[in-house]
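Fold and contact review
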Amino acid sequence: MTTPQCPQPGQHYHTEVNKGSIRMQTWQRHLNDMYASGYKLAHVFEQDGNTVQVYEHHWHPDGYRA
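What counts, and where the lines are drawn
Residues numbered from 1 in each chain as written. Predicted model: local features only at pLDDT ≥ 70, side-chain atom pairs only at ≥ 80, totals over all residues. Heavy atoms only, no water. Pairing = 2+ DSSP bridges. Helix = DSSP H or I, 4+ residues; strand = E, 2+ residues; numbered from the N terminus. Axes fitted to C-alpha atoms, helices over the stretch in contact; angles between N-to-C directions. Expected span 1.5 Å × (residues − 1). Buried < 20%, exposed > 50% of the residue type's maximum accessible area, 1.4 Å probe, protein only.

Here we look at the sheet that holds strand β3 (residues 50-57)
- With antiparallel pairing, three strands are arranged side by side in an open sheet as β1-β3-β2. Lying at the two open borders of the sheet, with one neighbouring strand each, are β1 (13-19) and β2 (39-47). Mean inter-strand twist for the sheet, computed between neighbouring axes without regard to direction, equals 20°.
- Here β2 runs beside β3; their pairing, made up of eight bridges, is antiparallel.

Shown next as structure tokens:
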């Protein structure tokens, strides 16, 4: 099942790359927004000075679980 916030059905991952440093207050807000959209932080690592964030899709905002 898909929703407008999440076009992929079932469990899947979403990856983001931040160039340079991350401001903690902004990152915390983004983490909470992603969680509200059905994603939880799975991994964070650094590659070539960039921060890579991997989010795991775990539920749809309409209540459907992946």
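Thoughts on helix α1 (residues 24-36)
- Between its first and last C-alpha, α1 extends 18 Å over 13 residues, near the 18 Å set by a 1.5 Å rise per residue.
- One or two residues past the end of α1 sits G38, with phi positive at roughly 100°.

Things to note about the environment of G38
- By secondary structure assignment, the location of G38 is in the loop between α1 and β2.
- Once the C-alpha coordinates of G38 and H57 are considered, the two residues, 19 residues apart in sequence, prove to be 5.7 Å apart.

A few points about the environment of S37
- Assignment of secondary structure puts S37 in the loop between α1 and β2.
- When the C-alpha atoms of S37 and H58 are compared, they prove to be 9.4 Å apart, with 21 residues separating the residues in sequence.

Let's talk about unusual backbone geometry
- The residue D48 is not glycine, and still its phi comes out positive at about 55°.
- With respect to the helices and strands, the residue D48 is situated in the loop between β2 and β3.
- Given the relative accessible area of 74%, D48 is considered exposed.

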